[in-house]
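Notes for the structure review
One letter stands for each residue in the lines below.
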Amino acid sequence: TCALPICVPVAPLSMISDVDSPMIETATISISAGYRADEDTLEFDSMDEVSAAFSGGTLFMAGPATHVKFQQFIRGVRYRNLSDKPNEGPRNLSYSVSDGDQSSEVQTRPITVTAVNDAPQIVTSAGRADYFTSQPVSIDAGFTIEDVDSTTIQSATVRISGGFSEGQDWLKFT
């Protein structure tokens with residue numbers, strides 16, 4: 001299951017076959033080029049027949065399990081970049097399976113990471129601003145702006161959106 005930040009299936013159409021063995025013993029998927037330990041991860045769903053662990057850029061899988069079970073497991077593996085400001089550029093994923101006697105040829109698939117500009121978020125405090133006198137009141141002392149991928153806000157707009165009275169209502173910035 002993918003959620004934010006976005007994850008990508010790494011081998012949704014993978015096929016595994018072995019003409020002389022009905023079982024696969026082990027498999028690996030490695031982020032073999034461009035790996036960033038603080039950003040890149042491979043995610044997977046548990047399966048009784050296949051145990052797995054991700055460490056140091058490599059997903060290690062162990063059976064024994066049938067070709068179909070390993071294929072199903074590998075098709076469910078997902079790449080996720082954990083950074084809000086990822087290091088852009090290609091990563092290479094390398095795949096290999098073994099029946100316990102021989103290993104397959106290593107297959108490689110590229111993934112390109114492209115940063116996305118996340119919109120800033122406004123956080124307001126609960127309640128409302130009540131005005132009873134001619135003295136200015138703070139609209140929201142708890143107001144904050146958060147932007148996970150930038151420290152600079154280019155512009156902002158504050159307006160009275162309901163009940164505005166021309167000549168009586170005004171906003172003052174200090």
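Look a little higher up for the structure.
Here the structure is a predicted model, which is why all the values come from computation and not from measurement.

Of the regular secondary structure elements, the protein chain holds one helix and 10 strands. Taken against the 2.2 N^0.38 rule, which gives 16 Å for 174 residues, the C-alpha radius of gyration of the protein chain at 26 Å runs more than 25% over that of a compact globule. Projecting the C-alpha coordinates of the protein chain onto the three principal axes gives extents of approximately 90 × 30 × 25 Å. Burial statistics for the protein chain: of 174 residues in total, 27% are counted as buried.

Another aspect to go through is the packing of aromatic side chains. With the rule as written, the count across this model stands at one aromatic pair. Here the aromatic rings of F44 and F73 are separated by 5.7 Å at their centres, their planes lie at 40 degrees, and the arrangement is tilted. Highlighted residues: F44 in the loop between β3 (40-43) and β4 (51-55) and F73 in helix α1 (residues 67-75), separated in sequence by 29 residues. The class of F73 is buried, set by a relative accessible area of 3%.

Assignment of secondary structure puts D99 in the loop between β7 (89-98) and β8 (107-113). Despite its burial, D99 remains without a salt bridge, the nearest opposite charge being carried by R75 at 19 Å. At 2.8 Å, the side chain of D99 forms a polar contact with the backbone nitrogen of D101. Engagement of the side chain of D99 in a polar contact is seen with the backbone nitrogen of Q102, the distance being 2.9 Å.

Now for unusual backbone geometry. Look at the link from G63 to P64: it is a cis peptide, with omega at 10 degrees. Its location among the elements puts P64 in strand β5 (residues 58-66).

For the rest of this paragraph, the subject is the sheet that holds β7. Here we have five strands laid out as an open sheet, ordered β4-β5-β2-β7-β8, and antiparallel in their pairing. The open sheet has two free edges, formed respectively by β4 and β8, since each of these has just one partner strand. Strand-to-strand, the axes of this sheet are offset by a mean angle of 15 degrees, without reference to chain direction. Where β7 and β8 come together, seven bridges link them in antiparallel fashion. Within the sheet, the bridge partner assigned to S94 lies in β8 and is T108.

With that out of the way, let us pick up α1. Buried within α1 are the following residues: H67, F70, Q71, F73 and I74. Down the axis of α1, the buried side of the element spans an arc of 160 degrees, and every buried residue falls inside it. Structurally, α1 contributes buried residues whose contacts are with β2 (23-33), β4, β5 and β7.

According to the stated counting rule, one finds five salt bridges in the structure shown. A salt bridge links E43 to R80, with the shortest nitrogen-to-oxygen separation between them at 2.5 Å. One end of the pair, E43, is in strand β3; the other, R80, is in strand β6 (residues 78-81), with 37 residues separating them in the sequence. For R80, a relative accessible area of 7% puts it in the buried group. Note that D45 and R78 form a salt bridge whose closest N and O atoms lie 3.4 Å from each other. Within this pair, whereas D45 is found in the loop between β3 and β4, its partner R78 is found in strand β6, the two being separated by 33 residues in sequence. Assessed through its relative accessible area of 45%, D45 is described here as partly exposed. The buried category is assigned to R78, whose relative accessible area is 8%.

Reading guide: rules and limits
Residues numbered from 1 in each chain as written. Predicted model: local features only at pLDDT ≥ 70, side-chain atom pairs only at ≥ 80, totals over all residues. Heavy atoms only, no water. Helix = DSSP H or I, 4+ residues; strand = E, 2+ residues; numbered from the N terminus. Rg over C-alpha atoms; globule rule 2.2 N^0.38 Å. Buried < 20%, exposed > 50% of the residue type's maximum accessible area, 1.4 Å probe, protein only. Phe/Tyr/Trp six-rings, centres within 6.5 Å; stacked < 30°, edge-to-face > 60°. Lys, Arg positive; Asp, Glu negative; His and termini not counted. Salt bridge = Lys/Arg side-chain N within 4 Å of Asp/Glu carboxyl O. Polar contact = N/O pair within 3.5 Å; in protein donor to acceptor, adjacent residues only side chain to side chain. Pairing = 2+ DSSP bridges. Axes fitted to C-alpha atoms, helices over the stretch in contact; angles between N-to-C directions. Arc of directions from axis to C-beta. Contact = heavy atoms within 4.5 Å.

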